[in-house]
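What the coordinates show
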Amino acid sequence: MQNRLKQLCIYIPAVLTALLLNACENDINKVKAIAAADATKPIQRTTGVTMTISDKGIVKAQLISPLLIEYATKKNPYQVMPNGVRVILYNDSLTTDGNIVADTGYYYTEKSLVVFKKNVVATRKDGATYKSEELIWDTAKKQYYSNQKVVMTKPNGDVMNATSFVSDDKLLHPVFQNATGAIQMNGDLTQ
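The following refers to the structure shown. All values reported here derive from a predicted model rather than from experimental measurement.

Calculation rules
Residues numbered from 1 in each chain as written. Predicted model: local features only at pLDDT ≥ 70, side-chain atom pairs only at ≥ 80, totals over all residues. Heavy atoms only, no water. Helix = DSSP H or I, 4+ residues; strand = E, 2+ residues; numbered from the N terminus. Buried < 20%, exposed > 50% of the residue type's maximum accessible area, 1.4 Å probe, protein only. Contact = heavy atoms within 4.5 Å. Areas by Shrake-Rupley, 256 points an atom, 1.4 Å probe, with all protein chains shown as cover. Core = buried A, V, L, I, M, F, W, Y, C linked by side-chain atoms within 4.5 Å. Phe/Tyr/Trp six-rings, centres within 6.5 Å; stacked < 30°, edge-to-face > 60°. Salt bridge = Lys/Arg side-chain N within 4 Å of Asp/Glu carboxyl O. Pairing = 2+ DSSP bridges.

Moving on: the overall build of the protein. Within the protein one finds one helix and 14 strands. Within the protein, buried positions represent 31% of all 191 residues. Residue pairs in contact within the protein that sit at least 24 positions apart in sequence constitute 33% of those at least 6 positions apart. A total accessible area of about 12500 Å² is found for the protein, and carbon and sulfur atoms account for 56% of it.

Spelled out as structure tokens, the structure:
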């Protein structure tokens with residue numbers, strides 16, 4: 001009897017310790033799961049947003065959106081504008097250089113990227129327009145690009161269709177890939 005009592009005194013604490021350690025491990029896993037789920041939840045919602053984008057203290061653009069939702073993910077924090085976005089572009093003398101409108105916008109702070117999606121229309125100062133389902137503005141490299149179909153229309157009626165394009169940050173010198181176009185010609189072709 002005493003032998004069994006000694007065995008119980010040894011086994012009961014060991015079993016209780018194993019149960020407690022197992023319970024702690026499950027709780028740690030639950031905490032990790034909850035933390036991972038919280039990382040994908042927005043940390044801030046702002047309405048009536050007007051944001052100024054500058055480079056070395058010089059205003060380059062003004063971003064306007066009715067709703068901005070901020071996500072603070074560890075790898076790539078970003079902001080989304082799900083109800084539309086408008087960007088007014090400025091030149092160095094703070095006169096309007098053009099604008100961009102889209103149904104949705106994303107701003108990736110660490111990558112210095114503004115991504116416009118759905119019904120994107122970019123208009124230059126001279127009236128030329130670029131239409132696409134996606135336009136990416138790399139503010140660090142000072143360029144625009146799209147890997148989606150793009151249609152550029154000039155005020156004189158010239159139209160350029162392409163599968164993708166890259167341009168400077170003023171949209172003045174685009175390089176189109178797989179392009180076709182309709183160019184307006186005035187005058188006699190024999191001259």
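Let us look at the nonpolar core. In this structure, Val87, Ile100, Phe116, Tyr130, Leu135 and Trp137 are the most contacted members of the largest nonpolar core, which totals 27 residues. For this core, the element with the most residues is strand E7 (residues 113-124), which contributes four residues. Apart from the residues lying within four places of it in its own chain, the contact partners of Leu135 are Ile100, Val114, Val115, Phe116, Val120, Ala122, Tyr144, Tyr145, Ser146 and Phe165. Grouped together as the second largest cluster of nonpolar side chains are five residues, Leu113, Val115, Ile136 and Tyr145 included.

What follows concerns the packing of aromatic side chains. In this structure the tally under the stated criterion is six aromatic pairs. For the ring pair Tyr78 and Tyr108, a centre distance of 5.7 Å and an interplane angle of 35° mean the geometry is tilted. Taken together, the residues span a long stretch of sequence, with Tyr78 in strand E3 (residues 78-81) and Tyr108 in strand E6 (residues 104-108) at a distance of 30 residues. Geometrically, the ring pair formed by Tyr130 and Phe165 is stacked, given 5.4 Å between the ring centres and 15° between the ring planes. On the criterion of sequence distance, the pair formed by Tyr130 in strand E8 (residues 129-138) and Phe165 in strand E12 (residues 164-168) is long-range, its members being 35 residues apart. On the basis of relative accessible area, Phe165 is assigned to the buried category, the value being 1%. By way of ring pairs, the aromatic residues Tyr71, Tyr78, Tyr106 and Tyr108 are connected into one cluster.

Our next topic: the pattern of salt bridges. Note that side chains of opposite charge can pair when their charged atoms are close. All chains considered together, the criterion is met by three salt bridges. One salt bridge in this structure joins Asp97 and Lys170, with 3.2 Å as the shortest N-O distance. Note that Asp97 is positioned in strand E5 (residues 96-102) and Lys170 in the loop between E12 and strand E13 (175-177), a separation of 73 residues in sequence. Residue classification places Asp97 among the buried residues on the basis of a relative accessible area of 18%. On the basis of relative accessible area, Lys170 is assigned to the partly exposed category, the value being 28%.

What follows deals with the environment of Thr180. Within the fold, Thr180 resides in strand E14 (residues 180-182). The contact partners of Thr180, leaving out residues within four places of it in the chain, are Val159, Met160 and Asn161.

On to the pairing of E12, then. Most of E12 sits inside the fold, with four of its five residues counted as buried. Note that strand E9 (residues 143-146) and E12 share four bridges and pair antiparallel. Its bridge partner lying in E12, Tyr144 is registered against Ser167. In the sheet, E12 pairs with E13 via three bridges, with the strands oriented antiparallel. From the neighbouring strand, Phe165 faces E13, where its bridge partner is Phe176. Hairpin connection, E12 to E13: the antiparallel pair is bridged by six residues, and Leu171 has positive phi, about 60°.

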